[in-house]
Amino acid sequence: MNNLVVEFREVTRRFGNVKAVDRVDLEVQRGAFFSLLGPSGCGKTTTLRMIAGFDEPDSGCIRINGQDVTHLAPFQRRVNTVFQNYALFPHMDVFENVAFGLRRRRLNLREIRSKVEWILGLVRLDGMGRRRIQQLSGGQQQRVALARALVNEPEVLLLDEPLAALDQKLRRDMQFELKRLQKELGITFVLVTHDQEEALTMSDSVAVMNAGRVEQIGPPRDIYDHPATRFVADFIGIANFLPVKVRSVQNGRTTVVLSDREILVPSRKGVDAGAQAELSLRPERLRLTRAAETGNCLPGTVVDSVFMGACTRFSVRVSEDHVLLAEQQNQQHGACADFNPGEPVWVNWGPSSATLLPLMHSAR
Amino acid sequence: MRERDSGGLPYLYLAPALLLLAFLSLLPNLYSVWLAFTNYSLNHYSDYSFVGLRNFARILQGPEAATFARVFAWTVVWAGASVLLSLGLGLFLAILLNNSHLKGRTFYRTIFILPWAIPAFISVMMWQGLLNTEFGAINLLLANLGLDQALAAVVGLFTKDPVATPIAWLNTPGWSHIAVLAVNVWLAFPFQLTTCLGALQSVPSDVYEAASVDGATAGLQFRRITVPLLRSALLPVLLSSFAFNFNQFAAIYLLTAGGPAVPGSEAGATDILITYSYKLAFNLFQYGMACAYAIFIFILVATLSGVNFKLTGAFEDAN
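Residues numbered from 1 in each chain as written. Chains lettered and ligands numbered in written order. Predicted model: local features only at pLDDT ≥ 70, side-chain atom pairs only at ≥ 80, totals over all residues. Heavy atoms only, no water.

### A look at the overall build of chain B
Per the secondary structure count, chain B includes 13 helices and 0 strands. For chain B, the N- to C-terminal ordering of α and β elements is α-α-α-α-α-α-α-α-α-α-α-α-α. Seen through its principal axes, chain B has C-alpha atoms that stretch 80 × 75 × 35 Å. For chain B, the residues scored as buried account for 40% of the 319 residues in total. A separation threshold of at least 6 residues defines the contact pool for chain B, and within that pool the share at least 24 residues apart is 66%. As presented, chain B carries roughly 18,100 Å² of accessible surface, and 70% of it is formed by carbon and sulfur atoms. A distance of 4 Å separates the average location of the 14 positive side-chain charges in chain B from that of its 14 negative side-chain charges. (Helix = DSSP H or I, 4+ residues; strand = E, 2+ residues; numbered from the N terminus. Buried < 20%, exposed > 50% of the residue type's maximum accessible area, 1.4 Å probe, protein only. Contact = heavy atoms within 4.5 Å. Areas by Shrake-Rupley, 256 points an atom, 1.4 Å probe, with all protein chains shown as cover. Lys, Arg positive; Asp, Glu negative; His and termini not counted. Charge placed at Lys NZ, Arg CZ, Asp CG, Glu CD.)

Here you go:
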């Protein structure tokens, strides 16, 4: 048996004429923290619901632990779900909520009690078993929902925007909490989120979805540094886009032309000499200087600056139609971050800091 | 904003409404309380006088006491059965309508709400026609299906006398009880259906999904999740509809007028307290007695409402 817990093969799910999930292939490694990231309506929740068994694909195949579960009922899969609104049973106390699944499995009371106490301890709700659900705060309800799912020892825990209803601070805490639980239990977590920061900080692997398709799958770092499509570059973090024309491809380096200047970027499969393409530049990879330097650079004029604490974000006009965002660290004796609006500057970046995006692909 | 001295102006504005309330509600009620302690009746129309608690004593002792006991017992059975049957039917239909796999849900919902939308006076008159012994559609239908003889034979097994056909729905004790109950359930179930449907729809679907993940079957989900969640929503409704049916004048009065007559008693077989009280006042002109009955009814319903408010309040507390 291979090391894949969840596999999607060409899975499609239609609602009327809309393809909510369109020929999706996915592979989730055992013990991974996997995120499905995308804007609302991108199909990530439908994907999750199909793993859970609440929804069936119109075509394609879903495997869990190598077993075909495409048409199995939810309780026949070793999968459990934490719902966005927790879906706790409001008429039961914490203990009964957590024990619900164990009672269905007809465990004896001693076993149930010891398991519930073990899991309540793990989510730090010791001694809260007899509290009513309405007496709990949002964060505590979240923990009960987690405990209820985890107590059944699933192979995969599915989390549907579990932190969306919590305030910022609590959300941070719960992110750590989730990560800790996942490491401690070694269970595969599949998280659905529209919050890119959440996906980047928590996951081992991220699938970015858009309009029912998976745009890119990979570790957070890869996705951030080497976005596969314009959508991914735009959705994750901030990106500047510049249209370029490819001049030559050589030894893994591609030379493109931008405002009559030759610029070196890492090569990309499918982007050949003569093609129109697009350059994606992260604002924090851009360096502003007063004097021209060798290497990749563009002249421009500072239009605006915004102080952001750790850094300052400058808007630099480099052509009639294009304004680049460039973030400069604020050093203690802030030598580099004091450009005034109207000042002419040079925008510099290293050859590997830019990503070349094929134009046709992004216009798909 | 600074508070202004408006003098008596607000009272002037309120005066029309207060006067209207006083004349239409407060004074008649006080007057009927006063009448309950007098011998005001056809025999003492112009010379009635204060008789203390004599009317109440008459209700609770002597020949009238038997009538009161019988009418009171039937009133409780009537109200209880009406609530339970209409709730049972309403809940059953609500569960069906709440199933998203059911096609044409809106159509059915509309159809089922109709009995509620038609004024009860009209539909009860309609039912009276349907239940007519010789010409009613129900007896006609039973006869055409050959069911009237069968029904009479089956029921005849449990009664001393053979059952006559066509069945006199509104004129035989027993049958008339069944008829008024059936019509009242028909009148009342849309309300219960709406309440149940609202309560069912307030249960988020992910709660059921969460239960299904843990292997809870449909039956188990109903018992462990639906019923407990409905209970708190339905208990206040049950109590208030019991109180409402306790005074459901129209269904009885328009259908059977309390009949059929019971020998030796002023109250008919299907009379409930409110229709009997009406009969005492406007057919028999015993105003004092009628008012004493009205006060009894008031005390009973007020107690029930008190319990209801208490329970409802307790629920708010628990939540």
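We are not done yet, so read on.
### Points about the sheet that holds strand β20 (residues 354-358) of chain A
All names here are of chain A. An order of β13-β12-β11-β14-β20 is seen for the 5 strands of this open sheet, with the pairing classed as antiparallel. The two strands at the open ends of the sheet, each matched to only one other strand, are β13 (261-266) and β20. The sheet shows a mean angle of 45 degrees between the axes of neighbouring strands, taken without regard to direction. Pairing geometry for strand β12 (residues 253-258) and β13, over 6 bridges, is antiparallel. The partner of Thr254 across the bridge, within β13, is Val265. (Pairing = 2+ DSSP bridges. Axes fitted to C-alpha atoms, helices over the stretch in contact; angles between N-to-C directions.)

### Here we look at the environment of Lys19 of chain A
All names here are of chain A. Within the secondary structure, Lys19 sits in strand β2 (residues 18-29). The sequence separation of Lys19 and Pro39 amounts to 20 residues, and the corresponding C-alpha distance is 15 Å. Setting aside residues up to four positions removed in sequence, Lys19 forms contacts with Arg13, Arg14, Ala211 and Gly212.

### Considerations on the pattern of salt bridges
All names here are of chain A. Following the criterion strictly, the structure yields 27 salt bridges over all chains and no others. A salt bridge links Arg13 to Asp55, with the shortest nitrogen-to-oxygen separation between them at 2.9 Å. On the criterion of sequence distance, the pair formed by Arg13 in strand β1 (residues 4-15) and Asp55 in the loop between α1 (44-52) and β4 (59-64) is long-range, its members being 42 residues apart. The exposure class assigned to Arg13 is buried, which follows from its relative accessible area of 15%. In this structure, the salt-bridge partner of Arg290 is Glu343, at a minimum N-O distance of 2.4 Å. With Arg290 in the loop between β15 (287-289) and β16 (296-307) and Glu343 in the loop between β18 (323-329) and β19 (344-349), this residue pair connects regions lying 53 residues apart in the sequence. Each of Arg124, Arg143, Glu177, Arg180 and Glu184 takes part in salt bridges that share partners, so that together they form one network. (Salt bridge = Lys/Arg side-chain N within 4 Å of Asp/Glu carboxyl O.)

### Here's the deal with the domain arrangement of chain B
Residue and element names in this part refer to chain B. By the assigned domains, chain B splits into domain 1 (30-62 + 282-313) and domain 2 (77-131 + 169-280). Here domain 1 meets domain 2 over a buried area of about 1,600 Å², counting both sides, of which 73% is carbon and sulfur. When the buried area of domain 1 at its contact with domain 2 is split by residue, Tyr293, Ile297 and Leu304 rank highest and sum to 33% of it. Between domain 1 and domain 2 we count 0 salt bridges in total. At the junction of domain 1 with domain 2, the criterion picks out 7 residue pairs in polar contact (both at pLDDT 80 or more). Residue contributions to the side of domain 1 that touches domain 2 peak at 12 residues, all from helix α13 (residues 287-318). Among the residues making up the side of domain 1 that touches domain 2, the classes are represented as 13 nonpolar, 4 polar and no charged. (Domains from an automatic or database assignment. Buried area = accessible area lost by both parts, 1.4 Å probe. Polar contact = N/O pair within 3.5 Å; in protein donor to acceptor, adjacent residues only side chain to side chain. Nonpolar A, V, L, I, M, F, W, Y, C, P; charged D, E, K, R; others polar.)

### Description of the packing of aromatic side chains
Residue and element names in this part refer to chain B. Using the criterion set out here, one finds 28 aromatic pairs over all chains in the structure. Look at Phe68 and Phe72: their rings are 5.8 Å apart centre to centre, the planes differ by 15 degrees, and that puts the pair in the stacked class. Placement of the pair is Phe68 and Phe72 together in helix α3 (residues 63-97), with a separation of 4 residues, close to one helical turn. For Phe68, a relative accessible area of 12% puts it in the buried group. Here the aromatic residues Trp34, Phe37, Phe50, Phe56, Phe68, Phe72, Tyr276, Tyr293 and Phe296 are joined through ring pairs into a cluster of three or more. (Phe/Tyr/Trp six-rings, centres within 6.5 Å; stacked < 30°, edge-to-face > 60°.)

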